[in-house]
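Geometric and topological summary
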Amino acid sequence: MHKLVLIRHGESTWNLENRFTGWTDVDLTPKGVQQALTAGRLLAAEGYEFDECHTSVLKRATHTLWHCLDAMNRTWLPVHHSWRLNERHYGALQGLNKAETARQYGDEQVLIWRRSYGTPPPALEAGDPRGAQGDIRYRHLNPGQVPLTECLKDTVERVLPYWNESLAPALRSGRRLLVVAHGNSMRALVKHLDSISDQDIVGLNIPNGTPLVYELDEHLKPLRHYYLGDAEVAARAAEAMVSQGRG
Ligand SMILES: O=C(O)[C@@H](CO)OP(=O)(O)O
C-alpha cells in the first residue's frame, strides 16, 4: 500500500481578507503558520515519515511546507517545486473581495466563478500588472502556459502531467510523499484520484492546514482517505469556505 499526504497551505493574508488570490503570491498569517506547525506536529505524533516533498512556487504553500517540516524535525528532506501545483489562476477577480463581488454580481455568478468545472472567471488583460507573464519564476514556460484565467478544468489539465510524470512514478517506486498545495490544485488532484464527476466536484471544499491522507493500492487507486486531527474542525472549516462567496 502507498500513502500520500496532501496539505492545503495554512491561512493566508488574502484568505483572512476574503480576497480572490489565485497566482498572487501572498504570505501566511500568524494563524496560518500555527496551522502548518500543528500539521507537522500531528504528522510526527502519528509516526509519518516522508522521502520527498512537493509544493508550488507560491510562498503560502512553500512556507507551510517549511513550518510543517520544522515541526517534524525533517527540514533536510528534498523539496521539489512546480508551477503545476500552483493555485487555480483567478483571472481578473484576483485581489477582489469575494463577498463584495457577490453583492455586485450575485451569489450564483460568484459560485459559478468559484466552483463550476468549465466556466473560467473573466481573464486578466495582457499587460495587467497582476499578470504573472514577466515573473522570473515562470521564465522557462511557453508564453501560452502562463494563464490569464483558469477554470478548474484548466487546472486539472496542468496538474495532471505533474501527477503522471512526477508524483505517480515516485509513489510507484515506493517513495513516501508529502504534497503541500492549494485549495483548487488539490481539488484537481482529488478529482482525479477519486474519479469525482464534473458535477460533484462543485461541492468539494478543502480546509487550510489539515493533512489529508490517501491510502492507495498498487495501481494507485484510493483504498480510503481521511483528514488527520479533529474531523469536525476540518468539516466546519470546509463549510465556512462556502459562505466566503456570499454577499
Ligand atoms: O482565492 C483563491 O485563490 C481560492 C483559495 O483561497 O479561493 P476559492 O476557495 O474561492 O477558490
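Residues numbered from 1 in each chain as written. Predicted model: local features only at pLDDT ≥ 70, side-chain atom pairs only at ≥ 80, totals over all residues.

The protein chain goes by 2,3-bisphosphoglycerate-dependent phosphoglycerate mutase in an unreviewed UniProt entry, where it is assigned to Oryzisolibacter propanilivorax. Under the UniProt heading Catalytic activity (unreviewed entry), the entry covering the protein chain gives this text: "(2R)-2-phosphoglycerate = (2R)-3-phosphoglycerate". Under the heading Subunit (unreviewed entry), UniProt records this for the protein chain: "Homodimer." (UniProt positions renumbered as here; feature names shortened; annotations may be inferred.)

Pairing between sheet strands relies on hydrogen bonds along the backbone, with the strands arranged either parallel or antiparallel. Spatial ordering of the open sheet is given by β3-β2-β4-β1-β5-β6, a layout of 6 strands whose pairing is mixed. The open sheet has two edge strands with one neighbour each: β3 (79-81) and β6 (222-227). Between one strand axis and the next, the sheet turns by 20° as a mean value, whatever way the strands run. As judged from the 5 bridges shared by strand β1 (residues 2-8) and strand β4 (residues 177-181), these two strands associate in the parallel manner. Paired with Leu4 across the strands is Leu177, a residue of β4. Along the sheet, helix α7 (residues 183-193) contacts β1, β4, β5 (212-216) and β6; its crossing angle with β1, the most-contacted strand, is approximately 150°. (Pairing = 2+ DSSP bridges. Helix = DSSP H or I, 4+ residues; strand = E, 2+ residues; numbered from the N terminus. Axes fitted to C-alpha atoms, helices over the stretch in contact; angles between N-to-C directions. Contact = placed C-beta atoms within 7 Å.)

Let us now look at the UniProt feature "site: Transition state stabilizer" (unreviewed entry) in the protein chain. Residues annotated in UniProt with the feature "site: Transition state stabilizer" (unreviewed entry) correspond here to His182. If you trace the backbone, His182 turns up in the loop between β4 and α7. Residue His182 is classed as buried on the basis of its C-beta count, with 27 C-beta atoms lying within 10 Å. (Buried ≥ 20, exposed ≤ 12 C-beta atoms within 10 Å, placed from the backbone.)

Here we take up the pairing of strand β2 (residues 52-55). Across 4 bridges, β2 lies against β4 in parallel orientation. Pairing of Thr55 across the sheet is with Val180, part of β4. Strand direction decides the pairing type here: β2 and β3, joined by 3 bridges, are parallel. Its bridge partner being in β3, Thr55 is matched across the sheet by His81. The parallel pair β2 and β3, bridged by helix α3 (residues 59-72), forms a crossover whose chirality is right-handed. (Right-handed = clockwise from strand over helix to strand, strands pointing away.)

This part takes up the site of the ligand. Lining the immediate environment of the ligand, one finds Asn15, Phe20, Thr21, Gly22, Glu87, Tyr90, Arg114, Gly183, Asn184 and Met241. When its residues are assigned to classes, the shell around the ligand shows 3 nonpolar, 5 polar and 2 charged. (Near = placed C-beta within 6 Å. Nonpolar A, V, L, I, M, F, W, Y, C, P; charged D, E, K, R; others polar.)

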